[in-house]
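# Observations on chain architecture
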Amino acid sequence: MNSSSLKNEGWLYWVAFLIALGFRLIQLGASPLTDSEATLALQALQIAQGESPLLAAQPGYILLTSIFFAVINSTNFMARFVPALVGSALVFAPYFFREKIKPLSALVLAFLFAIDPGLVALSRQAGGTILAVTFLLFAWGMWRNRRAVSAGIFAGLALLSGPSVWMGLLVLGLTRLFLQGMESTPAASDRSKIAEGTPPPDSQSANSQPPDSQPPDSPTPQPPNYQTTEPPSYKPALLALIATLLFGGTLFFLSPNGLGAWLSALPVSLQGWISSAPMTPGRIAAAFVGYEPLGIFLAILSLVRGYRTKSRRIVRLSLWLGVALLLAIFYRQSSELIWAIIPLLTLAALELRRALNIFADERVEVSVVVLALMILLIYISFDLSKIAVDPRGQLAPTQLPLFGRTIQMAAAPYVILLGAFLILILCISFVAFGWSARTAWLGTTWAFVIFLGAYALGAAWGASGLRSRNGFELWKPDQPPAEAQLLLSTVDEISDLSLGHAQAQPVTVMGIDSPALEWLLRYHEVQVVSELSPQVAPPIVITPLMNDLSLPAAYRGQDFVWRQSPQWQGVQAPDWIRWLVFRQLPRENEAVVLWVRDDLFPDARDTSQQP
């Protein structure tokens, strides 16, 4: 299928872009920034205010965000706007590879990029990971389309995006290395057969079969060094890359620290291999399965078909997926799973394109199979939700009829769930033997696509942190403050009551290392100290949980839940079922105390004025 057979292709890409914008921009600033997000946002704010802070290893995000802070305002929405916009533009990346994976597959891939939970989650985080992926894919696509200058610009932007780009380059480099090793082995065996007088398999098949008999995904065999067009010149691309690093990395020389931050990205990336992280390989794998069931299901079907037909495209994508997944699991940072999501969704798009080819005379049969399987899948989801409410069966044992007797079983929901899966498998088998294997494949594919697609939409919305207030999303390295808005509104109200302006009172933070707290109070004059002077009585003080400040003035205190972290030691298998449905895990809370000097309250001032 060539590009001319797709009507309104360009408009459909823009529709995918609008869908991606919707998932990434709706209530983008509703959730408070986490500590990791606030660290970068504070540096962008300092640049917007004319300061020269020491930048973290993500200068691309920091410098671009500082422009929006200086021109518009420093809000939570603007802190996440650049990743959201760039992450939405990722849907255009498949367009540059449309001749490689076929136009319809590229268009399907664009829509999968728009709604994928992992891509949505990373696009709604203040950081450079999604920038690295988007810019690197754009650079690759521009290079393939012989646009050397554009490729150099996007390559420079990718290098400025932070440590994640080095993980992507490592994944692509290892994949290419393995592919060269795999493709050189058959060539060596063919040369040995020619030396012995035996023609290679390709020549034998060429004599016995016409060229059109090859599988549709298998490209025509070509000599190893065959190229249809000469590669673009390296010199314009290199000059564009250097210019992007020089001007973009310094914000046109307004922030020279950006170059040093860019150079530190590689050491930071290497340090991630040895640094301690709360995420274990098992938890990274659970995040991949929990957020990407739609892509995994379609990719498995694509891999089975591809290896059966010996498709080189499928083999290459599967190797890319395997390398990226293994590196992300042992790197122990869920954000690096994004390099595995790209080949996963590409495999899914290739399979979904095949499933779109339904003949008119089989639509009724396929519809009946889809309806029957959807009923079973919905029943399975209800049973899974019941298990998630009471994963250990502690609320009430279930009565299960067995051979005419009623027995009490705490594990009965699990038995029912297993039985439902067995019925599902039997239904698919009966359709395959009774009607046809094609009908069973199409019906099963579309039933799971509809069901898992609905799950993907819910997971994408939940990854934004808005579906459940107490939800725990594995894509974030840390969780947002639990009662940040309540704390800020209290400070603003006290300031307004005492001085007549919501941001007039200064705030002293003692013994708390939390960039998220500094970002929350950015409109106040904030002083961070390790201990309080006994001769000074600040008007507002925020401390860890404690009973008394031991200062010369009287204070009133109120505690707020600040950080919430999962109790990984107490998480068991049933808890993961609860997380899969409700995104909830056992947590431990860290509280802070807001101390306000007693004379700032109206009732204290009225009492002091009485005779």
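Keep in mind that this is a model prediction, so the values were computed, not measured.

## Section: the overall build of the protein
- If you tally the helices and strands in the protein, you get 26 helices and seven strands.
- A total of 611 residues make up the protein; the buried ones form 48% of that total.
- Long-range contacts, defined as pairs at least 24 residues apart, comprise 76% of the intrachain contacts of the protein with a sequence gap of at least 6.
- When the accessible surface of the protein is totalled, it reaches about 30200 Å², and 63% of it is carbon and sulfur.

## Regarding unusual backbone geometry
- Positive phi, close to 55 degrees, is recorded for Leu 251, a residue that is not glycine.
- Positionally, Leu 251 belongs in the loop between helix H13 (234–248) and helix H14 (257–263).
- When its relative accessible area of 14% is taken as the criterion, Leu 251 is described as buried.
- Located in the positive-phi region is Arg 583, a residue other than glycine, with phi close to 55 degrees.
- With respect to the helices, strands and loops of the structure, Arg 583 is situated in the loop between helix H25 (573–582) and strand E7 (587–597).

## Quick notes on the side chain of Thr 445
- Secondary-structure assignment places Thr 445 in helix H22 (residues 437–463).
- Not counting residues up to four positions away in its chain, the partners in contact with Thr 445 are Phe 297, Leu 298, Leu 301 and Ala 355.

## Points about the sheet that holds strand E5 (residues 540–544)
- Pairing is mixed in the open sheet, where five strands are placed in the order E4-E3-E5-E7-E6. The open sheet has two free edges, formed respectively by strand E4 (526–529) and strand E6 (555–566), since each of these has just one partner strand. Recorded for the sheet is a direction-independent mean angle of 20 degrees between the axes of neighbouring strands.
- With eleven bridges connecting them, E6 and E7 associate as antiparallel partners. Paired with Val 561 across the bridge in E7 is Ala 591.
- Packing against the sheet, helix H23 (residues 484–499) makes contact with strand E3 (507–510), E5, E6 and E7, and its axis sits at approximately 160 degrees to E6.

## Re the packing of helix H2 (residues 35–48) against helix H3 (residues 59–71)
- Remark: H2 packs on H3, axes separated minimally by 8 Å, with the N-to-C direction vectors making an angle of 55 degrees. As far as their axial angle goes, H3 and H2 are oblique. Between H2 and H3 lies a crossing of right-handed hand. Within the contact between the two elements, H2 uses Leu 40, Ala 41, Gln 43, Ala 44, Leu 45, Ile 47 and Ala 48 and H3 uses Tyr 61, Ile 62, Leu 63, Thr 65, Ser 66, Phe 69 and Ala 70.

## Quick look at the pattern of salt bridges
- Counted according to the given criterion, the structure contains eleven salt bridges.
- The closest approach of N and O atoms between Arg 80 and Glu 37, which form a salt bridge, is 3.1 Å. Here Arg 80 is found in the loop between helix H4 (76–79) and helix H5 (81–89), whereas its partner Glu 37 is found in helix H2, with 43 residues between them in sequence. Taken individually, Arg 80 and Glu 37 each receive the classification buried, so the pair is uniform in this respect.
- Across the pair Arg 563 and Glu 590 runs a salt bridge whose closest N-O atoms are separated by 3.1 Å. A residue pair is termed long-range when its members are at least 10 positions apart, and Arg 563 in strand E6 and Glu 590 in strand E7 qualify at 27 residues.
- Its relative accessible area of 36% is what places Glu 590 among the partly exposed residues.
- By sharing partners, the salt bridges in this structure join Glu 9, Arg 98 and Glu 99 into a single network.

## What to know about the confidence of the model for the protein
- Here the protein averages 85 in pLDDT, while 86% of its residues score no lower than 70.
- pLDDT under 50 marks residues 200–228. Its contacts with residues more than four places away, or in other chains, come to 19 contacts.

## Regarding a nonpolar patch on the surface
- Together, Leu 170, Leu 266, Leu 270, Trp 273, Ile 274, Leu 326 and Phe 330 make up an exposed nonpolar region whose accessible area comes to about 700 Å².
- For the nonpolar patch, the elements supplying multiple residues, two or more each, are helix H15 (265–271) and helix H18 (312–331).
- Within the secondary structure, Trp 273 is located in the loop between H15 and helix H16 (281–291).

## What about the packing of helix H1 (residues 9–25) against H5?
- Running from amino to carboxyl end, H1 crosses H5 at an angle of 155 degrees, the nearest separation of the two axes being 8 Å. Between H1 and H5, the angle is such that the two are roughly antiparallel. Like other packed secondary-structure pairs, H1 and H5 cross with a definite hand, here right-handed. On the side of H1, the interface is formed by Phe 17, Ala 20, Leu 21, Arg 24 and Leu 25, while H5 contributes Phe 81, Ala 84, Leu 85, Gly 87, Ser 88 and Ala 89.

## Some words on the nonpolar core
- Val 91, Leu 487, Leu 517, Trp 519 and Ile 542 are the most contacted members of the largest nonpolar core, which has 158 residues in total.
- If you tally residues by element for this core, the top one is helix H19 (residues 338–355), at 13 residues.
- Those residues in contact with Val 91 that sit more than four places away from it in its chain are Tyr 13, Ala 16, Phe 17, Ala 20, Ala 110, Phe 113 and Ala 114.
- Counting residues in each nonpolar core, the second largest holds six residues, with Leu 549, Leu 551, Tyr 555 and Trp 595 among its members.

## Digging into the pairing of E3
- The two faces of E3 match: Val 507 and Val 509 on one face and Thr 508 and Met 510 on the other face are all buried.
- As judged from the four bridges shared by E3 and E4, these two strands associate in the parallel manner. Bridge pairing links Val 507 to Val 526 in E4.
- In terms of strand pairing, E3 meets E5 through three bridges, oriented parallel. Paired with Val 507 across the bridge in E5 is Ile 540.

Procedures and definitions
Residues numbered from 1 in each chain as written. Predicted model: local features only at pLDDT ≥ 70, side-chain atom pairs only at ≥ 80, totals over all residues. Heavy atoms only, no water. Helix = DSSP H or I, 4+ residues; strand = E, 2+ residues; numbered from the N terminus. Buried < 20%, exposed > 50% of the residue type's maximum accessible area, 1.4 Å probe, protein only. Contact = heavy atoms within 4.5 Å. Areas by Shrake-Rupley, 256 points an atom, 1.4 Å probe, with all protein chains shown as cover. Pairing = 2+ DSSP bridges. Axes fitted to C-alpha atoms, helices over the stretch in contact; angles between N-to-C directions. Parallel < 35°, antiparallel > 145°, perpendicular 65-115°, else oblique. Left-handed = near helix turned anticlockwise from the far one by under 90°. Salt bridge = Lys/Arg side-chain N within 4 Å of Asp/Glu carboxyl O. pLDDT = per-residue confidence, 0-100. Patch = residues over 30% accessible without salt bridge, like charges linked within 9 Å, V, L, I, M, F, W, Y side chains within 5 Å. Core = buried A, V, L, I, M, F, W, Y, C linked by side-chain atoms within 4.5 Å.

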